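Residue-level structural notes
Given next are the chains, with one letter for each unit.
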Amino acid sequence: MTLKFRPWILAVAGSLLPCPPLQATEPPADRLLVNGNILTVDAQDSVAEAIAIRDGRIVAVGTDAEIEALAGPDTERIDLAGLTVTPGLLDAHLHLSSGGLLRVTQADLSFPIIKSIEDVTGLVAERRAAAEEGEWLLGRGWDEGKLAERRYILASDLDPVSGEHPAWLSHTMGHYGTANSAALRLAGIDRNTPDPAGGTIDRDDAGEPTGVLKESAMALVTRHIPPPDAGEMREAIAAMADELNRECMTGAKDPGIGYSLVQDPRSAQDTWDAYREVLAAGDLSIRVFALWRSPESLQEAHELAKRIAPFSRPMESTGDDRLISGGVKIFADGSGGARTAWMWQDWNRERIGLDEGNRGYPAIDAIVLRDLIMLYHDAGLHVGVHAIGDRAIDWTVAAMTVALIRNPRHGMRHSIIHANIPTDLAMNTMAALQQNFDAAYPEPQANFTWWIGDTYAGNFGEARSHRLNPFRSFQRRGIQWAGGSDYSVTPFPARYGIWASMVRQPLLGVYGSDAFGSEEAVDVRTALRSFTLWAAHQMFLEKKTGSIEVGKYADIAVWDTDLYSAEPDAIKNMQCQMTLLEGEIVYQK
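Let me begin by describing the structure that accompanies this report. (Residues numbered from 1 in each chain as written. Predicted model: local features only at pLDDT ≥ 70, side-chain atom pairs only at ≥ 80, totals over all residues. Heavy atoms only, no water.)

**Looking at the overall build of the protein chain**
Rules: Each helix is a run of H or I in the DSSP string that is no shorter than four residues. Each strand is a run of E no shorter than two, and both are numbered from the N terminus. Our radius of gyration looks at C-alpha atoms and nothing else; its globule reference is 2.2 Å times the residue count to the power 0.38. Using a 1.4 Å probe on the protein chains alone, a residue whose accessible area is under 20% of its type maximum counts as buried, one over 50% counts as exposed, and one in between counts as partly exposed. Contact between two residues is taken to exist if any of their heavy atoms lie within 4.5 Å; hydrogens are not considered. For the accessible areas, the method is Shrake-Rupley and the probe is 1.4 Å, while residue cover comes only from the protein chains on display. Charged-residue counts in this description rest on Lys and Arg as positive and Asp and Glu as negative, His and the chain ends being excluded. Lys charges are placed at NZ, Arg charges at CZ, Asp charges at CG and Glu charges at CD.
When helices and strands are tallied, the protein chain shows 19 helices and 26 strands. Relative to the compact-globule value of 25 Å for 589 residues, the protein chain shows a C-alpha radius of gyration of 24 Å, a close match. For the protein chain, the spread of C-alpha atoms along the three principal axes comes to 85 × 60 × 45 Å. Burial statistics for the protein chain: of 589 residues in total, 62% are counted as buried. Of the contacts made within the protein chain by residues no fewer than 6 positions apart, 76% connect residues no fewer than 24 positions apart. Carbon and sulfur atoms provide 49% of the accessible area of the protein chain, an area that totals close to 21,900 Å². Within the protein chain, one finds 54 positive and 80 negative side-chain charges whose respective centroids are separated by 3 Å.

Listed below in structure tokens is the structure:
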């Protein structure tokens, strides 16, 4: 039963009640959390009453009486008053730096702020009225699946309200967006402009660009947008850290650092430097595991590996465990929203229609993708590969298999990012690679069936929708996965991901509330583990955080809801009451 929240009792233990004698060889705890419902997420999924913390680490977990015995005259006590404690939640795929930057520099076009194209044009008109001459009008987060018109935003929608200001509105999935005519002219895009490799310029029936640009085609416009200054990036990172703490989150894997939509060494280095500066200032109140985005040429990849390998070996050391340069991210394909992900069969339209002849495409030449995976593996770098379509996943898993057989390094923990609809072959191979090499871990987003579920259900079609995010199939094969949000694609609170792992319910139900079925849903204990201990594993921190066990960091979340007894909707709506990082309170409601 969820107990009613009451004010925290924070007191010096000695002033609250007499302390029992301590063992002479054991210093007293700095802080106790008592009278709680402690979901440890240890191997036995134990439930305890209290925790003792000393020097930022957990020194005991047990009953109230056992933990009270570790108090000294200066020990601080937190009376949980029956509230529920979990490990601090982790996100294995959260664009913290770039998503945070969008949050502070661009207009929010997400639902429910935006429900129609009229809402979009109204907001763009407001931005134009406040803009200086020539200033870009920027927005992010729209999704045609949530618009009343159920269609893309087009340049023809934006032109009447944007005037001569160039405008760029990025889709919530980040793999496509819409430019107005002024931005298309600035980029030199017209009916004669060919599609770039790995990208698409959408065109109308007459062959004219509509303004919608997908994948690599986006860079034709976005490279003209002025880059942020260093202060904006620092502000964005610090603000996101605070926001994650407010949601009982204590860490994230930032996949492909930088502010550019394409691989950009300057962008990535500027972002890494900003992270270091925020940490040095004491404002990085979470753990960050960062991936560097891979270039597309093997020569540039060699140069990147040479540059970052000396400080990017988490399998050997995670340094201070607060900011970790973790490895490299490669793109194998595109998006389920743009229907650019690489598939074995044609994409669907509106659930039952076919996008005939469109099976998506690889983001880069498939042989180059294989060679990049082998190059980084041989260099001793952890690799995460973005692969959404079933064909892209098959190719990625096969390339990892080749790399591991050629050079059998154990413990690299290479990942398949998103892994939306893996084939049985891919899943069986993942299971074997995990067992034999500690590699090939899916890093999926349960939120995809919810926040972008209406678009996904229409594009994947009925049969493929039912095997999207196949968590139960993973479980049957003994496959471990790490949960994430892909923020800013979906909202970042990890409680949503736990709920969506259990429920698989689309936001609006355009194709019905059961568009994804329930056969691949999992229970709350498994869902919680995917956002704690299993996510910690993919940050190479599972021996230090991710569960409430003696010797681990005191990264702790306090909730108003007992996850193990609550209904799914209560988990979706539960509220964080307090967050601790290394035993220090970084958020309190």
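**Topic: the pattern of salt bridges**
Once the charged atoms of two side chains with opposite charge are near each other, the side chains can pair. Which entries qualify depends on this criterion: Whenever Lys or Arg places a side-chain nitrogen within 4 Å of a carboxyl oxygen from Asp or Glu, that contact is recorded as a salt bridge.
Under the criterion given, the structure shown has 30 salt bridges. Among the ionic pairs, Asp 438 bridges to Arg 413, the shortest N-O distance being 3.1 Å. Of this pair, Asp 438 sits in the loop between helix H13 (424–437) and strand E23 (441–443) while Arg 413 is found in the loop between helix H12 (390–406) and strand E22 (415–418), placing the two residues 25 residues apart along the sequence.

**Description of the packing of helix H11 (residues 366–378) against H12**
This is how the line gets drawn: Axis lines are fitted through C-alpha atoms, for helices just across the contact stretch, and the angle between N-to-C directions can take any value from 0 to 180 degrees. For classification, angles of less than 35 degrees are called roughly parallel, those exceeding 145 degrees roughly antiparallel, those between 65 and 115 degrees roughly perpendicular, and all remaining angles oblique. Note: crossing handedness is left-handed where the near helix turns anticlockwise from the far helix by less than a right angle, and right-handed where it turns clockwise. Residues are grouped as follows: nonpolar covers Ala, Val, Leu, Ile, Met, Phe, Trp, Tyr, Cys and Pro; charged covers Asp, Glu, Lys and Arg; every other residue, Gly included, is treated as polar.
Put simply, H11 and H12 touch, their axes get as near as 9 Å, and they point 40° apart. Looking at the two axes, H11 sits oblique to H12. The element H11 and its partner H12 pack so that their crossing is right-handed. Between H11, through Ala 366, Ile 367, Leu 369, Arg 370, Ile 373, Met 374, His 377 and Asp 378, and H12, the contact on the second element is made entirely by Trp 395, Thr 396, Ala 399, Met 400, Val 402, Ala 403, Leu 404 and Arg 406. Residues that form the contact of H11 with H12 fall into these classes: 11 nonpolar, 2 polar and 3 charged.

**Remarks on the sheet that holds strand E14 (residues 199–203)**
What counts here: For two strands to count as paired, DSSP must find a minimum of two bridges between them.
The strand order across the open sheet built from 6 strands is E10-E11-E12-E13-E15-E14, with neighbouring strands paired in mixed fashion. Single-partner strands in this sheet number two, and they are strand E10 (107–108) and E14. Bridge count between E10 and strand E11 (residues 137–142): 2 bridges; the pairing is parallel. Residue pairing for E11: Asp 108 is matched across the bridge by Arg 140. Against the sheet, helix H5 (residues 155–162) contacts E11, strand E12 (167–171), strand E13 (176–179) and strand E15 (209–215), and its axis sits at roughly 45° relative to E13.

**As for the sheet that holds E23**
Here we have 7 strands laid out as an open sheet, ordered E9-E16-E17-E18-E21-E22-E23, and parallel in their pairing. What marks the edges here is a single partner per strand, and that holds for strand E9 (89–91) and E23. The average undirected angle you get between the axes of adjacent strands in this sheet is 25°.

**Comments concerning the packing of helix H3 (residues 96–105) against helix H8 (residues 230–246)**
The N-to-C vectors of H3 and H8 enclose an angle of 100°; their axes lie 8 Å apart at closest approach. Overall, the two elements H3 and H8 adopt an arrangement that is roughly perpendicular. Packed against H3, whose contacting residues are Leu 96, Ser 97, Gly 100, Leu 101, Arg 103, Val 104 and Thr 105, the element H8 presents Glu 232, Met 233, Glu 235, Ala 236, Ile 237, Met 240, Glu 243 and Leu 244 at the interface. Here the contact of H3 with H8 is built from residues that sort into 8 nonpolar, 3 polar and 4 charged.

**What to know about the environment of Leu 354**
Take Leu 354: it is sitting in strand E20 (residues 353–355). Separated by 208 residues in the primary sequence, Leu 354 and Asp 562 have C-alpha atoms spaced 44 Å apart. Non-local contacts of Leu 354, meaning those with residues more than four positions away in its chain, are made with Asp 346, Trp 347, Asn 348 and Arg 349.

**A few points about the nonpolar core**
Rules: Here the nonpolar core consists of buried residues drawn from Ala, Val, Leu, Ile, Met, Phe, Trp, Tyr and Cys, with membership extended through side-chain atoms lying within 4.5 Å.
Among the nonpolar cores identified, the biggest contains 113 residues, and Leu 96, Ile 330, Tyr 376 and Ile 498 are the most heavily contacted of them. For Leu 96, the residues in contact, after removing those within four places along its chain, are Ile 237, Met 240, Leu 244, Ala 252, Asp 254, Tyr 275, Ile 286 and Val 288. Listed in part, the 20 residues of the second largest apolar core include Leu 109, Tyr 152, Leu 169 and Ala 338.

**Observations regarding the state of the cysteines**
Just so we agree on the cut-off: A pair of sulfur atoms, both from cysteines and within 2.5 Å, is called a disulfide here.
Considering all chains together, one arrives at 1 disulfide under this definition. Two residues, Cys 248 and Cys 576, share a disulfide whose sulfurs are 2.1 Å apart. An S-S torsion of about 85° defines the bridge between Cys 248 and Cys 576 as right-handed. Taken as a pair, Cys 248 in the loop between H8 and strand E16 (249–255) and Cys 576 in strand E25 (residues 576–581) lie far apart in primary sequence, 328 residues in all. Of the two residues, Cys 248 and Cys 576, both sit in the buried class.

**Notes on helix H16 (residues 494–503)**
Turn by turn, an α-helix covers 3.6 residues, leaving residues three or four places apart pointing in a common direction. Within H16, 9 of the 10 residues are buried, leaving the element largely enclosed by the surrounding structure. Residues Ala 494, Arg 495, Tyr 496, Gly 497, Ile 498, Trp 499, Ala 500, Ser 501 and Met 502 constitute the buried set of H16. Check the buried side of H16 and you find it contacts E9, E16, helix H15 (471–477), helix H17 (524–530), strand E24 (556–559) and helix H19 (568–572). Once H16 finishes, Arg 504 follows within two positions and takes phi at roughly 55°, a positive value.

**Looking at the packing of aromatic side chains**
We apply this condition: Stacked, tilted and edge-to-face are the three classes applied to pairs of Phe, Tyr and Trp rings, where Trp contributes its six-membered ring and a pair requires centres within 6.5 Å; stacked means planes under 30 degrees apart, edge-to-face means over 60, and tilted covers the rest. Throughout this description, the term charge over a ring refers to an Arg CZ or Lys NZ atom that lies within 6 Å of the ring centre and within 35 degrees of the ring normal.
If you walk through the whole model with that rule in mind, you get 18 aromatic pairs. Both rings, one in Tyr 456 and one in Phe 460, keep their centres 4.8 Å apart while their planes meet at 55°; by these two values the pair is tilted. Of this pair, Tyr 456 and Phe 460 both sit in helix H14 (residues 453–466), separated by 4 residues, roughly a single helical turn. For Phe 460, a relative accessible area of 1% gives the class buried. Centre to centre, the rings of Phe 471 and Trp 481 are 5.1 Å apart; their planes meet at 10°, and the pair counts as stacked. In this pair, Phe 471 sits in helix H15 while Trp 481 sits in the loop between H15 and H16, placing the two residues 10 residues apart along the sequence. With a relative accessible area of 3%, Phe 471 lands in the buried category. Taking the relative accessible area as the measure of exposure, Trp 481 reaches 1% and is therefore buried. Following the ring pairs from residue to residue traces out a cluster consisting of Trp 347, Phe 448, Tyr 456 and Phe 460. In this structure, Arg 57 packs its charged tip against the face of Tyr 553, placed 4.1 Å from the ring centre.

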